[in-house]
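Commentary on secondary and tertiary structure
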Amino acid sequence: MRKSLIIILCLTVLSSLNSKVMASNDGETNEQKSLITVMGELNSADAWRVEAGYHWFPKPYIGFGGSLGVWNQFSTNDIPKGQNWIIDDDYREASSLFVHPSLVLFSPSIIHGNDFDIQLYGEVGAMMNLPYEKVCIDICHNPYYIPDEYEYISNNKGDWCFFDGKIGVSARFDNVVLAAGYSYSTLDVYGMRRKLKYANQKFTAFYPQHHGTHGAFLSISLFI
């Protein structure tokens with residue numbers, strides 16, 4: 001929660017700077033009002049994330065829009081299993097498609113060069129995963145967890161909507177923008193899995209307590 005408040009505070013400062021600049025430039029207009037972005041992230045949930053989005057800028061430094069994306073764990077040691085059963089190899093790493101409505105903020109230029117501008121960058125939004133989870137269970141009638149049968153279980157109850165924010169630095173070259181920085185979200189990669197149950201064993205017992213997700217992002221954008 002404290003990380004969320006820090007991000008919101010920083011974005012508020014950026015917004016205040018934007019308002020002052022726009023108030024002093026009432027006659028200035030920005031013809032490039034659409035921003036197309038591709039972003040990648042690695043985070044503390046042992047997951048990668050990619051998304052593509054669009055934002056509309058009614059003012060030079062504030063954009064409204066959203067993106068579509070996917071995240072996927074690349075590693076996990078949290079493996080639900082019991083007597084004669086274990087979650088299938090292909091389903092151990094959690095993943096989901098998501099929708100990400102968000103607000104994007106750029107500060108006025110803090111470093112101005114002949115053909116580039118360095119600006120502070122911020123984004124705040126909601127990360128909405130698919131509210132559905134399905135996994136495969138290997139049923140093993142042997143001590144080596146070699147599957148004899150398979151069974152699928154699913155769930156549509158759980159946590160699927162999370163706060164998401166980013167703070168970083170951007171470099172603008174004409175209409176191309178590169179940005180990188182720190183990301184924080186309340187994303188719980190096991191949010192939809194914790195309520196799964198098999199053989200009277202709840203999956204939440206196999207997953208660690210969630211404390212928020214930290215990451216680093218890199219994006220490339222195009223103003224059109």
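Above this text you will find the structure in question.
First, a word on scope: everything that follows refers to the structure included in this document. Owing to the predicted nature of the structure, the values given are computational and were not obtained by experimental measurement.

1. Some words on the pattern of salt bridges
Once their charged atoms are close, side chains differing in charge can pair, the charge on each being opposite to the other. Enumeration over the complete set of coordinates arrives at 8 salt bridges. Taking the shortest distance from any N to any O, the salt bridge between arginine 92 and aspartate 89 comes out at 3.0 Å. By relative accessible area, which is 19% here, arginine 92 ends up buried.

2. Here we look at the sheet that holds strand 9 (residues 133–139)
Strand order in the open sheet formed by 4 strands is 4-5-9-10, with antiparallel pairing between adjacent strands. Sheet topology places strand 4 (81–82) and strand 10 (149–155) at the edges, where each strand pairs with a single neighbour. In terms of strand pairing, strand 9 meets strand 10 through 7 bridges, oriented antiparallel. Considered in strand 10, the bridge of glutamate 133 is made with asparagine 155.

3. Some thoughts on the nonpolar core
Trp71, Val135, Ile137, Ile153, Val189, Tyr198 and Phe203 are the most contacted members of the largest nonpolar core, which has 20 residues in total. Setting aside its immediate chain neighbours within four residues, isoleucine 153 contacts Glu133, Lys134, Val135, Ile137, Leu196, Lys197, Tyr198 and Phe203.

4. Observations regarding the side chain of asparagine 43
Assignment of secondary structure puts asparagine 43 in strand 1 (residues 34–43). Look at asparagine 43 and you get buried, because its relative accessible area is 10%. Within the local environment of asparagine 43, its side chain forms a polar contact with the side chain of glutamate 41, the two groups lying 3.1 Å apart. Of the polar contacts made by the side chain of asparagine 43, one reaches the backbone nitrogen of alanine 45; its length is 3.0 Å. The residues touching asparagine 43, leaving out its near neighbours within four places in the chain, are Thr213, His214 and Gly215.

5. So, a positive patch on the surface
A surface patch of positive charge is lined by Lys157, Lys195, Lys197 and Lys202. Of note, lysine 202 is situated in strand 14 (residues 201–202). Assessed through its relative accessible area of 54%, lysine 202 is described here as exposed.

6. Here's the deal with the packing of aromatic side chains
Under the counting rule described, the total for this entry stands at 12 aromatic pairs. Relative to tyrosine 152, the ring of tyrosine 91 lies with its centre 6.2 Å away and its plane at 75 degrees, an arrangement referred to as edge-to-face. Here tyrosine 152 lies in strand 10 and tyrosine 91 lies in the loop between strand 5 (85–87) and strand 6 (95–106), a separation of 61 residues in the sequence. Here tyrosine 91 falls in the partly exposed class, since its relative accessible area comes to 26%. Taking 6.4 Å as the distance between ring centres and 40 degrees as the angle between the ring planes, the aromatic pair formed by phenylalanine 116 and phenylalanine 173 counts as tilted. Taken together, the residues span a long stretch of sequence, with phenylalanine 116 in the loop between strand 7 (111–112) and strand 8 (117–129) and phenylalanine 173 in strand 11 (residues 161–173) at a distance of 57 residues. A residue is classified by how much of its surface remains accessible, and phenylalanine 173, at 38% relative accessible area, is partly exposed. Grouped by ring-pair contacts, the aromatic residues Phe57, Phe106, Tyr121, Phe217 and Phe223 constitute a single cluster. The side chain of lysine 134 reaches across the aromatic face of tyrosine 152, ending 4.9 Å from its centre.

Each value, and the rule that gives it
- Residues numbered from 1 in each chain as written.
- Predicted model: local features only at pLDDT ≥ 70, side-chain atom pairs only at ≥ 80, totals over all residues.
- Heavy atoms only, no water.
- Salt bridge = Lys/Arg side-chain N within 4 Å of Asp/Glu carboxyl O.
- Buried < 20%, exposed > 50% of the residue type's maximum accessible area, 1.4 Å probe, protein only.
- Pairing = 2+ DSSP bridges.
- Helix = DSSP H or I, 4+ residues; strand = E, 2+ residues; numbered from the N terminus.
- Core = buried A, V, L, I, M, F, W, Y, C linked by side-chain atoms within 4.5 Å.
- Contact = heavy atoms within 4.5 Å.
- Polar contact = N/O pair within 3.5 Å; in protein donor to acceptor, adjacent residues only side chain to side chain.
- Patch = residues over 30% accessible without salt bridge, like charges linked within 9 Å, V, L, I, M, F, W, Y side chains within 5 Å.
- Areas by Shrake-Rupley, 256 points an atom, 1.4 Å probe, with all protein chains shown as cover.
- Lys, Arg positive; Asp, Glu negative; His and termini not counted.
- Charge placed at Lys NZ, Arg CZ, Asp CG, Glu CD.
- Phe/Tyr/Trp six-rings, centres within 6.5 Å; stacked < 30°, edge-to-face > 60°.
- Lys NZ or Arg CZ within 6 Å of the ring centre and 35° of its normal.

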